[in-house]
Amino acid sequence: MEPGTRRPPGADDYLDALDGMRAVAALTVLLYHVAIESGEALKDTYLGALLSRGDIGVPIFFTLSGLLLYRPFAVAAITGGPGQSVRTYLRKRALRILPAYWLVVVVAMFAWSRDHVTDVGTWLYLLLLGQNYNPDPWWFGLGPKGLAQMWSLSVEMSFYLALPVIAAVLGRYARRAGPAPGARARRLLRGLAAMAAISYAWAVFSFVPFYQPHLNLWLPRSLAYFAGGMALAVLIVWARAEPEGPASRTARAVTASWGSCWSVAAIAFGFAASPVTGVRFLGVENLWTGLFELALYGIVAVALVAPVALSAPDDTPLNRFLSGRIMRYLGKISYGVFLWQFVVLFLWYEMTDQEPWTGNFPVNLVAVTFFTVVLADLTYRFVEEPARRLGSRRRLPRAPV
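Sequence order sets the numbering: in each chain, residues are counted from 1 along the sequence as written. In keeping with the predicted nature of the model, local features appear solely for residues at pLDDT of at least 70, side-chain atom pairs appear and are counted solely at 80 or more, and the whole-chain, interface and lining totals rest on all residues. Values reported for side chains reflect all heavy atoms of the structure, with hydrogen atoms and water molecules removed beforehand.

A.B. asks: I'd like a rundown of the overall build of the chain, residues and numbers included.
C.D. replies: Counting secondary structure elements, the chain contains 15 helices and zero strands. A globule of 401 residues ought to have a C-alpha radius of gyration of about 21 Å, and the chain, at 21 Å, matches this closely. Structurally, the chain occupies a C-alpha span of about 65 × 50 × 45 Å along its principal axes. Carbon together with sulfur atoms contributes 66% to the accessible area of the chain, which is approximately 18,000 Å² in total. Seen as two clouds, the 36 positive and the 25 negative side-chain charges of the chain have centres 14 Å apart. Every helix listed is a DSSP run of H or I at least four residues long, and every strand listed is a run of E at least two residues long, numbered separately from the N terminus. Note that the radius of gyration is over C-alpha atoms, with the globule rule given as 2.2 Å times the number of residues to the power 0.38. All accessible-area figures derive from a Shrake-Rupley calculation using a 1.4 Å probe, and residue coverage is judged against the displayed protein chains alone. The charged-residue count follows a simple rule in which Lys and Arg add positive charge and Asp and Glu add negative charge, with His and chain termini not counted at all. A single reference atom marks each charge: NZ on Lys, CZ on Arg, CG on Asp, CD on Glu.

A.B. asks: Could you give an account of a nonpolar patch on the surface, naming the residues involved and the relevant values?
C.D. replies: Together, Phe370, Phe371, Val374, Leu378 and Phe382 line one region of the surface with nonpolar side chains, adding up to about 500 Å² of accessible area. Tracing the chain through its elements places Leu378 in helix H15 (residues 361-390). Each residue's exposure class comes from its accessible area (1.4 Å probe, protein chains only) as a fraction of the maximum for that residue type: buried when under 20%, exposed when over 50%, partly exposed otherwise. Among the residues examined, Leu378 registers a relative accessible area of 41% and is labelled partly exposed. For patches, a residue must show more than 30% relative accessible area and have no salt bridge; joins then use 9 Å for like charges and 5 Å for nonpolar side chains, namely Val, Leu, Ile, Met, Phe, Trp and Tyr. Here, a salt bridge means any Lys or Arg side-chain nitrogen found within 4 Å of an Asp or Glu carboxyl oxygen.

A.B. asks: Explain the side chain of Thr255 to me, and be specific about the residues and the numbers.
C.D. replies: By secondary structure assignment, the location of Thr255 is in helix H9 (residues 246-256). For this analysis, a polar contact is any N or O atom pair within 3.5 Å, provided that within protein one partner can donate a hydrogen and the other can accept it, and provided that sequence-adjacent residues contribute only side-chain to side-chain pairs. At 2.8 Å, the side chain of Thr255 and the backbone oxygen of Ala251 are in polar contact.

A.B. asks: I'd like to hear about the pattern of salt bridges, residue by residue, with values.
C.D. replies: Per the stated rule, a full pass over the model turns up nine salt bridges. Its salt-bridge partner being Glu384, residue Arg96 comes within 2.9 Å of it at the nearest N-O pair. Taken together, the residues span a long stretch of sequence, with Arg96 in helix H4 (residues 86-112) and Glu384 in helix H15 at a distance of 288 residues. Several salt bridges share partner residues, and in doing so they unite Asp19, Arg22 and Lys332 into one network.

A.B. asks: Let's hear about the packing of aromatic side chains: which residues, and what values?
C.D. replies: Side-chain rings of Phe, Tyr and Trp, where Trp is taken by its six-membered ring, are said to pair if the distance between their centres is within 6.5 Å; with planes under 30 degrees apart they count as stacked, over 60 as edge-to-face, and otherwise as tilted. With the rule as written, the count across this model stands at 16 aromatic pairs. Aromatic pair Tyr133 and Trp218: ring centres 5.5 Å apart, planes at 50°, arrangement tilted. Of this pair, Tyr133 sits in the loop between helix H5 (120-127) and helix H6 (151-175) while Trp218 sits in the loop between helix H7 (181-207) and helix H8 (219-241), placing them 85 residues apart in sequence. Here Tyr133 falls in the partly exposed class, since its relative accessible area comes to 32%. Residue Trp218 is classed as partly exposed on the basis of its relative accessible area, which comes to 26%. Residues Trp202 and Phe205 carry aromatic rings whose centres are separated by 5.4 Å and whose planes lie at 50° to one another, so their mutual orientation is tilted. Here Trp202 pairs with Phe205, and both are found in helix H7, just three residues apart, close to one helical turn. Overall, Trp202 belongs to the buried group, its relative accessible area being 17%. Each member of the aromatic cluster is reached from another via a ring pair, and the members are Phe62, Phe159, Tyr225 and Phe226. Seen from the ring of Tyr160, Arg93 lies directly overhead, with NZ or CZ sitting 5.1 Å from the centre. The rule for a charge over a ring is simple: NZ of Lys or CZ of Arg within 6 Å of the ring centre, and within 35 degrees of the ring normal. Looking at Lys145, its charged tip hangs above the ring of Phe346, at a distance of 5.1 Å from the centre.

A.B. asks: Tell me what's going on with the confidence of the model for the chain, and back it up with residues and numbers.
C.D. replies: The predictor's confidence in any single residue is recorded as pLDDT, a number from 0 to 100. A residue-level look at the chain finds 92% of positions with pLDDT of 70 or above and a mean pLDDT of 91. Considering only residues more than four positions removed or in separate chains, one finds that residues 1-5, a stretch of pLDDT under 50, has five contacts. Contact definition: two residues touch when any of their heavy atoms are within 4.5 Å. Contacts from residues 394-401, a stretch scored under 50 in pLDDT, to residues over four places away or in other chains number 16 contacts.

In structure tokens, the structure reads:
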């Protein structure tokens, strides 16, 4: 059977290739952090410029979250099926995210921030993922040592809490179009376009009348990335509801041109690695560089995820690679890879008596990756999976996220 001739995945289908896509995002973020610490990303070379934009893994994570978490809500909005229990949804999200995260917070705090372990306020901010909203933190940068990457998890948690409300508003708007799935789906896409526009308006607000960098860590700044994934969820549900409709044709076209999609992502990423998105590691430089980064990162994330999400399993060489045993395994432990990487990185530098920005990038990358994967595997087996099973009232074959 030729690629693109099979039906797109159903709303409840589990795609192993999305595990592989999650692995790509997690390993990209790890590569980025090791490249920064070793100084490789600071070099005035094109490779250094590419490595310095490895934070693209975060928008990919956000896009995947929007896709996977909004699918049940999209089914209810488009087909009129039963809605998802908000209480069950929030319980599963909490048990999926918090136990492993709390473990890493405790380890990092006692390893490097013992002066603050008796501070109840610090624990509340960190354990409840509210650090992005702390108006006067004692730490420098994005978080306490070993926990700086958790700013994006704080954004994720904000999205988890906001999603039921967002889905209710979008669903009500869609149902006003009548019972036709296509009409409802089109309304959802318009609503998601408006949601994405909030990110650009927020970027302007963060600079006008003066620059407020902390606003870049709040959910509205990243809504465009989540909206991209949610739009893919709408297309999946719409394509199943109307197998010969425009969404189904779009899904087949995207699947058949997966190479072109990833080429678009590569070109957009190349532009993002140029000065158009600002000076490396200085944060968002000005309004225009911030807007360019928002647009280019969004293009990269959607162009990478779309041909994976819209195709049937094993439909393309890309899906077969991402759903292979190694990529599936790395995808399953990817949350632990994200959580542990800074702890492992700093411990490795202390054990080897290395100073930051002193090179040795390849060796450090191999060592940090190895030990991070080991810890991620243990965390998956003994923390994440038991917590996930606890969150299910009945035994499920596999959790979609």
